[in-house]
Amino acid sequence: MNSGILVIGIGNEFRSDDGLGLYAARELKRRGCSGVTVIEHPGEGSSLHEAWQGCGCAMLIDAVSSGDTPGSVHRVDCHRDPVPHSLFRSSSHTFGVSEAIALGRTLGSLPGVLLLYGVEGRTFEPGRGLSEAVVRGIPGLIARIEEDIADLTHRTQPAGGYA
């Protein structure tokens, strides 16, 4: 099992705020962090489930649409809390992020740590670029992810990955 941290930025940069996960992943890559692998993913559930196989820790970043204030950051510890289906009510995938997590729970194949970060989007219409409200939420999102990375990096790891 890989004991490193995998960050997966999810989205479609041609659907406005849906590109948030990709933008955040690129920013985290630009900043660099030892022991962290950052990838971009379109969000299709079965391949997302495959992407985190063998990871000790995975962090998913995606735009969400629950009706909260655009730019709001949601954080879900997927081992402790169920993923609210309301976060993904405008997903373009019939088998997306929440379904991949549910499948992983059922199969016992979730990483030792699985964190989901969602930033509330404003628009998911065709087009490039993020809305101003979403852009304002990104610094808080990046800071929270970096805090969690630092916390996980400094944890004492049992054999086989994260507790």
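This is a predicted model, so every value here is computed, not measured. (Residues numbered from 1 in each chain as written. Predicted model: local features only at pLDDT ≥ 70, side-chain atom pairs only at ≥ 80, totals over all residues. Heavy atoms only, no water.)

**Brief notes about the environment of Thr123**
Condition: Secondary structure follows DSSP: runs of H or I at least 4 residues long count as helices, runs of E at least 2 residues long count as strands, and numbering of each begins at the N terminus. Accessible area is worked out with a 1.4 Å probe on protein chains only. A residue is then buried under 20% of its type maximum, exposed over 50%, and partly exposed in between. Contacts were defined at the residue level, with two residues in contact if any of their heavy atoms lie within 4.5 Å. Two N or O atoms form a polar contact when they lie within 3.5 Å of each other; inside protein one atom must be a possible hydrogen donor and the other a possible acceptor, and for residues adjacent in sequence the pair counts only when both atoms belong to side chains.
Mapping Thr123 onto the fold places it in the loop between β5 (113-120) and α4 (132-154). Under the relative-accessibility criterion, Thr123 is labelled partly exposed at 26%. When the C-alpha atoms of Thr123 and Asp18 are compared, they prove to be 7.9 Å apart, with 105 residues separating the residues in sequence. Apart from the residues within four sequence positions on either side, Thr123 is in contact with Arg15, Ser16, Asp17 and Asp18. For Thr123, the side chain forms a polar contact with the main-chain nitrogen of Glu125, separated by 3.4 Å.

**So, the nonpolar core**
The condition that has to hold: By nonpolar core is meant a set of buried Ala, Val, Leu, Ile, Met, Phe, Trp, Tyr and Cys residues that side-chain atoms within 4.5 Å join together.
Counting 24 residues, the largest nonpolar core has Ile5, Val7, Leu20, Met59, Ile61, Leu141 and Ile145 as the members making the most contacts within it. Listing elements by their share of this core, those giving two or more residues are β1 (2-10), α1 (20-31), β2 (36-41), β3 (55-64), β5 and α4. The element that contributes the greatest number of residues to this core is α4, accounting for seven residues. Excluding its chain neighbours within four sequence positions, the residues that come into contact with Leu141 are Leu20, Ala24, Ile61, Val73, Tyr117 and Val119.

**Brief notes about the pattern of salt bridges**
Heads up, the rule is: Salt bridge criterion: a side-chain nitrogen from Lys or Arg within 4 Å of a carboxyl oxygen from Asp or Glu.
A complete count under the given rule lists eleven salt bridges for this structure. Where Asp18 meets Arg15, a salt bridge forms, and the shortest distance between an N and an O atom there is 3.7 Å. No difference in accessibility class separates Asp18 from Arg15, as the two residues are buried. Arg144 is the salt-bridge partner of Asp148, the closest N and O atoms lying 3.7 Å from each other. Taken together, the residues Asp148 and Arg144, both in helix α4 and four residues apart, mark about one turn of the helix. The exposure class of Asp148 is buried, given its relative accessible area of 9%. Linked through salt bridges whose partners overlap, the residues forming this network are Glu13, Arg26, Glu40 and Arg128.

**Things to note about unusual backbone geometry**
One non-glycine residue, Ser16, lies in the positive phi region at around 50 degrees. Within the secondary structure, Ser16 sits in the loop between β1 and α1. Ser16 gets classed as buried once you look at its relative accessible area, which sits at 9%.

**Considerations on the layout of surface pockets**
A probe matching the size of a water molecule, rolled over the atoms, marks out where space remains unfilled. Worth spelling out the cut-off: Definitions used throughout: a 1 Å grid over protein atoms alone; a cavity as a set of points that fits a 1.4 Å probe which cannot get out; a pocket as an open set with protein on both sides within 12 Å along at least five of seven lines; a lining residue as one with an atom within 4 Å of a point. Grid points are joined across faces, edges and corners, and a volume is the space filled by probe spheres set on the points. When residues are sorted by character, Ala, Val, Leu, Ile, Met, Phe, Trp, Tyr, Cys and Pro go into the nonpolar class, Asp, Glu, Lys and Arg into the charged class, and all the rest, Gly among them, into the polar class.
Taken as a whole, the largest pocket spans an internal volume of roughly 160 Å³. Every residue lining the largest pocket is counted, twelve residues in all, and those nearest its centre are Asp77, Val113, Leu115, Leu152 and Arg155. Elements with a contribution of two residues or more to the lining of the largest pocket: β4 (73-77), β5 and α4. The element best represented in the lining of the largest pocket is α4, accounting for three residues. Split by residue class, the lining of the largest pocket holds four nonpolar, two polar and six charged.

**Overview of the confidence of the model for the protein**
Condition: Confidence of the predictor at the level of single residues is captured by pLDDT, which takes values from 0 to 100.
Summarising the model, the protein shows a mean pLDDT of 87, and 88% of its residues fall at 70 or more. This model gives residues 156-163 a pLDDT under 50, and the stretch forms 16 contacts once residues within four places in sequence are excluded.

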